[in-house]
Structures are given as structure tokens and as C-alpha cells.
Amino acid sequence: MKQAGHRFRERVVRGMTAVSTRLTRARHFRGHGVHSPFVYALVREVFMRHELLPGDRSLYEALRSKGIAEQRAVQLQNLAIHAGLATFGLNRAEGALTVALPGLPHDELLKLAEDAKISGAALVVMLPCVRSERQALCRQLVAMHDSTSVDNRAYLLLFNNRLPKQHFVL
């Protein structure tokens with residue numbers, strides 16, 4: 001009987017810890033706690049939307065054909081519409097938005113980031129936390145980056161515009 005009580009106590013403590021963790025993150029719910037108007041608008045108009053905005057659907061269709069989940073494809077298409085990024089390139093620095101798909105090797109990703117920086121295109125790195133090597137590479141990209149970056153765990157956004165150097169983890 002004593003051991004069962006000990007396990008129950010551990011489960012209760014674990015549950016209380018989980019609740020307190022959720023409560024500390026609650027201030028970031030729906031964009032609260034984000035002190036950049038640009039990123040706040042991204043959270044409200046892009047990340048929180050579950051349906052496509054009216055406009056072009058070519059990025060959405062290209063991402064879905066490459067096996068990207070529907071929710072992420074919708075968010076990236078809405079990002080392109082919201083930010084006025086009309087043209088895009090998948091695994092190549094073309095257009096105003098460059099998307100690095102999950103299977104891209106590290107050296108090609110570094111070159112793609114440099115090419116996007118030179119051309120002024122926004123860079124999207126899909127699945128930045130999928131492996132520890134890719135996560136370290138994404139941290140390196142953020143450290144080298146001169147403008148605003150946003151990490152929402154599903155993809156890393158590196159904007160090459162006149163915004164100040166800030167990094168947001170949502």
C-alpha cells in the first residue's frame with residue numbers, strides 16, 4: 001500500500017508542475033507578450049488562422065505536393081499573402097520568399113540563407129528542431145542574422161528587411 005501512495009504523490013506533483021508550466025506560458029497565448037507590432041500581426045493574422053486568406057494559392061499547392069502538413073502550408077501561404085511576398089522558391093533562392101524543405105543538407109541550407117540575405121528574400125526553414133544538428137544550425141543562422149527572426153517550432157522565419165535584430169520564440 002505504501003508504494004502505491006508514493007506513485008500517486010509523484011503523479012500529483014508532476015501534474016502540478018505541468019499546470020504551472022502552462023500558466024507561465026499563458027501570457028504568450030494569442031500574441032500577448034509579443035512587443036513587436038510586426039510579429040504581433042503575424043501571430044494574429046497568420047499563425048492563428050486555420051483557413052486560407054483570399055488570394056493566390058500557388059505556394060500552398062507547392063508545399064502540399066512536397067508533403068508539408070496542411071496546417072503549415074496554410075500558415076505559410078497566409079504569411080506570403082499577409083507580407084506581400086508574391087513569388088517564392090522551394091530549396092532555391094528565387095523570389096521574395098525562400099522555403100528550405102526538411103531534407104535540405106546543411107551546407108546547402110547555409111548557402112541558401114546567404115543567397116536569401118543578399119537578395120533580401122525572407123527565408124523559411126521547415127522543421128528547425130527535427131534533429132540536434134539541424135537545431136544547432138538554425139541557432140547559428142539566427143545568431144548570424146541581422147534582422148527579425150521568428151521560431152514557432154514548426155518552421156523558422158528569417159526576415160531580411162529593415163526590422164531590428166530580434167528573435168521571437170513562440
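Going by the structure above, here's the rest.
My aim in this report is to walk through the structure given alongside it, one point at a time. (Residues numbered from 1 in each chain as written. Predicted model: local features only at pLDDT ≥ 70, side-chain atom pairs only at ≥ 80, totals over all residues. Heavy atoms only, no water.)

Comments concerning the side chain of Ser36
Thought 1: You can see Ser36 is positioned in the loop between helix H1 (2–25) and helix H2 (37–47).
Thought 2: By relative accessible area, Ser36 is classed as buried at 10%.
Thought 3: The residues contacting Ser36, other than those within four sequence positions of it, are Gln166 and Phe168. (Helix = DSSP H or I, 4+ residues; strand = E, 2+ residues; numbered from the N terminus. Buried < 20%, exposed > 50% of the residue type's maximum accessible area, 1.4 Å probe, protein only. Contact = heavy atoms within 4.5 Å.)

Overview of the nonpolar core
Thought 1: One finds Leu63, Leu76, Val99 and Leu157 to be the most contacted residues of the largest nonpolar core, which totals 30 residues.
Thought 2: Of all the secondary structure elements, the ones that give two or more residues to this core are H2, helix H3 (58–65), helix H4 (70–83), strand S2 (97–100), strand S3 (122–126) and strand S5 (155–158).
Thought 3: Those residues in contact with Leu63, other than ones at most four positions away along the chain, are Ile68, Ala73, Leu76, Leu90, Val99 and Leu101.
Thought 4: In terms of nonpolar packing, the next biggest core, distinct from the first, is built from 15 residues, Leu109, Ala113, Val125 and Leu137 among them. (Core = buried A, V, L, I, M, F, W, Y, C linked by side-chain atoms within 4.5 Å.)

A closer look at the packing of aromatic side chains
Thought 1: Summed over the entire model, instances satisfying the criterion amount to two aromatic pairs.
Thought 2: Ring centres 5.0 Å apart and planes at 85° place the aromatic pair Phe38 and Phe159 in the edge-to-face group. Here the residue Phe38 occupies a position in helix H2, and Phe159 occupies one in the loop between S5 and strand S6 (167–169), the gap between them amounting to 121 residues.
Thought 3: When its relative accessible area of 5% is taken as the criterion, Phe159 is described as buried.
Thought 4: With a centroid separation of 6.2 Å and 55° between ring planes, the pair formed by Phe47 and Tyr155 is classed as tilted. With Phe47 in helix H2 and Tyr155 in strand S5, the pair connects residues that are 108 residues apart, well separated along the chain. Neither Phe47 nor Tyr155 differs from the other in exposure class; each is buried. (Phe/Tyr/Trp six-rings, centres within 6.5 Å; stacked < 30°, edge-to-face > 60°.)

A short note on the sheet that holds S5
Thought 1: With mixed pairing, six strands are arranged side by side in an open sheet as S1-S2-S3-S5-S4-S6. Each edge of the sheet is formed by a strand with only one pairing partner; in this case those strands are strand S1 (88–90) and S6. Direction aside, neighbouring strands of the sheet carry axes that sit 15° apart on average. (Pairing = 2+ DSSP bridges. Axes fitted to C-alpha atoms, helices over the stretch in contact; angles between N-to-C directions.)

Describing the packing of H2 against H4
Thought 1: Where H2 contacts H4, the axes come no closer than 9 Å and their chain directions differ by 125°. Classified by the angle their axes make, H2 and H4 are oblique. Viewed along their axes, H2 and H4 form a crossing whose handedness is right-handed. Taking contact as the criterion, the partners of Ala41, Leu42, Glu45, Val46 and Phe47 in H2 are, on H4, Gln75, Asn78, Leu79 and His82. (Parallel < 35°, antiparallel > 145°, perpendicular 65-115°, else oblique. Left-handed = near helix turned anticlockwise from the far one by under 90°.)

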